[in-house]
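# Examining the three-dimensional arrangement
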Amino acid sequence: MKNHILKLFVLLMSIILLTACGSNASNGNGTEGELTVYTAIEEELIPEYLKSFEEKYPNIDLNIVRDSTGIITAKLLAEGKDTEADVVWGLAASSLLALDGKEMLEGYTPKGSDKILPEYKDANQPEKWVGNTAFMTGIVVNEVELEKKNLPIPKTYEDLTKPEYKGLIVMPHPASSGTGYLTVNAWLQMMGEEKGYEYMEKLHENIGTYTHSGSKPAKLSAAGEYPIGISLVYSGVTQKQDGAPVDVILPEEGLGWDVEANGLIAKNEMKNEEAAKAFLDWAITEDVMKKYYDANGFSTMENKFEKTEAFPEGVEDKMYKDNDLNWAAENRDMILKKWEAEFGEKAEPKE
């Protein structure tokens, strides 16, 4: 009798285990391993974004390596195919295109990629990169500080060159900040290279410092250290939501922008391909795309998401329509070398 009970118990336990395994396999939870993710996503956003991934894939251990766009890009280019990174998440598409030029990206079409608008993903199949959102620059102004100085609020890029703003403006360094690079790239494309550099020479006279973070100019403006910051629109909105006396101005000439995108790294030794592909699938699921939209006011997916009230109206309409990300990638080294030679002496010290 005892043997029959024991056999029945073993049989029931086997059924339960098989059912559990089958359930895990069907929803992806059976995927396991260790995954190293390089990202330039703003630090405070990462935990919120990752909540649903950690719930869906509890057996995947994530090593998140986060830094500014320029530093992550330089790190990957230096490491080459011996990099520890398995995937890149939320890095500027212009950086991913530069990586692809060094044959560092593996083609992979993540599930749901068909819902991403074609201009925000690789045109080739399988895709080397797929976008989540766009990030763009605006002018973050401290209204209280400008009023104290009896200065008007600048509305255009050209306004920023007026002598009354001398020493009052801060912007990101293009070599270390993706925000800085997309801004410089936008000026060169909007104005043409010759006039673009002439503009930056005039602007340089009014710059107090170039920061190594795209969000720091908004924070410095909010604190009143520099009343005008050329910065991420997202960062300006965040400071405003936190109660700082700032407004986010969308320059009349248009907004520089880049795509925040993901890609699979081509490595000499890929140990975690299944987990890497699961991550890339998750990274463009609708619930995460909604979070990207809430942070940036833009999504690469066709959607009916509602924008938060703090976001200025007309962000999508002001994004520079002729922005050429391939040109930005191909000319990156040349632009950064020339910019550093002409303007780099005002860069803030690296920490």
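Worth saying up front: this structure is predicted, and the values here are computed from it rather than measured.

## Considerations on the UniProt feature "binding site: Fe cation" (unreviewed entry) in the protein
On the UniProt side, "binding site: Fe cation" (unreviewed entry) is annotated at positions that read Tyr234 here. Of note, Tyr234 is situated in helix H9 (residues 233-241). Look at Tyr234 and you get buried, because its relative accessible area is 9%. Here Tyr234 is in contact with Glu42, Glu44, Leu45, Ala295, Asn296 and Phe311, once residues within four sequence places are set aside.

## What to know about helix H4 (residues 93-101)
A large share of H4 lies buried, amounting to seven of its nine residues. Listing the buried residues of H4 in full gives Ala93, Ser94, Ser95, Leu96, Leu97, Ala98 and Leu99. One or two steps after H4, the chain reaches Glu103, where phi turns positive at roughly 60 degrees.

## Comments concerning empty space enclosed by the protein
Within the structure shown, the criterion is met by three cavities of 30 Å³ or more. Taken as a whole, the largest cavity encloses approximately 70 Å³ of empty space. Forming the boundary of the largest cavity are Tyr108, Pro110, Glu127, Lys128, Trp129, Val130, Asn262, Gly263, Leu264, Leu280 and Ile284. The dominant element in the lining of the largest cavity, judged by the number of residues it contributes, is strand E10 (residues 257-265), at three residues. Broken down by class, the residue content of the lining of the largest cavity amounts to seven nonpolar, two polar and two charged. In this structure, the second largest cavity encloses a volume near 50 Å³. The wall of the second largest cavity is formed by Thr69, Gly70, Ala92, Ser94, Ser95, Pro174, Ser177, Gly178, Tyr181, Asp258 and Arg332. Among the secondary structure elements, those contributing two or more residues to the lining of the second largest cavity are helix H3 (69-79), H4 and helix H6 (178-191). Of the residues in the lining of the second largest cavity, the class split is three nonpolar, six polar and two charged. When we break the lining of the second largest cavity down by domain, the ones giving at least three residues each are domain 1 (33-134 + 258-307) and domain 2 (135-257 + 316-344).

## Considerations on the pattern of salt bridges
Two side chains with opposite charge may pair up if their charged atoms get near one another. Inspection of every chain in the model, using the stated rule, returns 17 salt bridges. Bridged by salt links that share partners, the residues Glu48, Lys51 and Lys291 form one connected network.

Thresholds applied
Residues numbered from 1 in each chain as written. Predicted model: local features only at pLDDT ≥ 70, side-chain atom pairs only at ≥ 80, totals over all residues. Heavy atoms only, no water. UniProt positions renumbered as here; feature names shortened; annotations may be inferred. Helix = DSSP H or I, 4+ residues; strand = E, 2+ residues; numbered from the N terminus. Buried < 20%, exposed > 50% of the residue type's maximum accessible area, 1.4 Å probe, protein only. Contact = heavy atoms within 4.5 Å. 1 Å grid on protein atoms, 1.4 Å probe; cavity = no way out; pocket = protein on both sides within 12 Å on 5 of 7 lines; lining within 4 Å. Points joined across faces, edges and corners; volume = space filled by probe spheres on them. Nonpolar A, V, L, I, M, F, W, Y, C, P; charged D, E, K, R; others polar. Domains from an automatic or database assignment. Salt bridge = Lys/Arg side-chain N within 4 Å of Asp/Glu carboxyl O.

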